[in-house]
Amino acid sequence: MSPGLRLSRVADLIDAIHACHPDDAEQILSVILEEWQTGAPMPPFLDAMSDAEFWAHAATFEELRAVFLAAGQKLARYPLGPQGRMRMIRRLMDGLSDDERQEIMGPGSAERDQE
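What you see is a predicted model; the values in this text were computed from it and never measured.

### Details of the overall build of the protein
Alright, step 1. Along the protein, the regular secondary structure elements total seven helices and zero strands.
Alright, step 2. Beginning at the N terminus, the succession of helices and strands in the protein can be written as α-α-α-α-α-α-α.
Alright, step 3. When the 115 residues of the protein are sorted by exposure, 5% land in the buried category.
Alright, step 4. Split by element, the accessible area of the protein, about 10300 Å² in all, is 61% carbon and sulfur.

Written as structure tokens, this is what we have:
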């Protein structure tokens, strides 16, 4: 199937899902996704970030938490380099209050920041 045809069908599917009552759409999609769950992960349709954002939008808290922890454990061992680690840390700390950041950094971090 060509990329153009795939994209067209995805747009039709999205329109059809949105045309349904949310309860009906959730039941039908849950059944379909559960059937597909046993297979290997499908390759990204558009790009990995778009697919991840789409999945995360529909995921439950427990699913998000499980994937976040698993990905974090793998990324912690991945050779990201100093810049990659800093980008990851900045994204994780976005939206935290100063008190929350202080708690994460641990005792003495305020003194280290002033040096």
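### Describing helix α6 (residues 98–105)
Alright, step 1. Counting buried positions along α6 gives zero out of eight residues, so the element sits mostly on the surface.
Alright, step 2. Phi turns positive one or two residues past the end of α6, at G106, with a value near 90°.

### Here's the deal with the confidence of the model for the protein
Where the model shows low pLDDT, its predicted coordinates should not be examined in detail.
Alright, step 1. Looking at the protein, pLDDT values average 81 and 83% of them are 70 or higher.
Alright, step 2. The weakest mean pLDDT in the protein belongs to helix α7 (residues 109–114) at 56; the strongest belongs to helix α1 (residues 3–19) at 91.

### A word on the layout of surface pockets
Alright, step 1. Quantified by volume, the second largest pocket comes out at close to 700 Å³.
Alright, step 2. The wall of the second largest pocket is formed by 16 residues, among which M49, F68, A71, L75 and R91 lie closest to the centre.
Alright, step 3. For the lining of the second largest pocket, the secondary structure elements donating two or more residues are α3 (48–58), α4 (61–77) and α5 (81–93).
Alright, step 4. In terms of residue class, the lining of the second largest pocket is built from twelve nonpolar, two polar and two charged.

### Topic: the pattern of salt bridges
Alright, step 1. Per the counting criterion, the structure on display carries one salt bridge.
Alright, step 2. Across the pair R101 and D98 runs a salt bridge, and its minimum N-O distance is 3.7 Å. Taken together, the residues span about one helical turn, with R101 and D98 both in helix α6 at a distance of three residues.

### Let's talk about a nonpolar patch on the surface
Alright, step 1. A contiguous nonpolar patch, built from W55, L64 and V67 and spanning about 250 Å² of accessible area, is present on the exposed surface.
Alright, step 2. Here V67 is to be found in helix α4.
Alright, step 3. Judged by its relative accessible area of 43%, V67 is partly exposed.

Reading guide: rules and limits
Along each chain, residues carry numbers from 1 onward, in the same order as the chain's sequence is written. Where totals are concerned, whole chains, interfaces and linings use all residues; where local detail is concerned, this predicted model gives features only for residues with pLDDT of at least 70, and gives and counts side-chain atom pairs only at 80 or more. Hydrogens and water molecules were not included; the side-chain quantities draw on all heavy atoms of the structure. Helix and strand labels come from DSSP, where a helix needs a run of H or I of at least four residues and a strand needs a run of E of at least two; each type is numbered from the N terminus. The cut-offs for exposure are 20% and 50% of the maximum accessible area for each residue type, with area from a 1.4 Å probe on protein chains only; residues under the lower value are buried, those over the upper are exposed, and the others partly exposed. Throughout, the Shrake-Rupley method with a 1.4 Å probe supplies accessible areas, and for residues the shown protein chains are the sole cover considered. What pLDDT conveys is the predictor's confidence in a given residue, as a value from 0 to 100. Note on definitions: the grid is 1 Å and covers protein atoms alone; a cavity is a set of points where a 1.4 Å probe fits but cannot get out; a pocket is an open set with protein on both sides within 12 Å along at least five of seven lines; lining residues have an atom within 4 Å of a point. Grid points are joined across faces, edges and corners, and a volume is the space filled by probe spheres set on the points. Gly counts as polar in this scheme, as do all residues outside two lists: the nonpolar Ala, Val, Leu, Ile, Met, Phe, Trp, Tyr, Cys and Pro, and the charged Asp, Glu, Lys and Arg. We define a salt bridge as a side-chain nitrogen of Lys or Arg found within 4 Å of a carboxyl oxygen belonging to Asp or Glu. In this analysis, a patch consists of residues with relative accessible area above 30% that form no salt bridge, clustered at 9 Å for like charges and at 5 Å for the nonpolar side chains Val, Leu, Ile, Met, Phe, Trp and Tyr.

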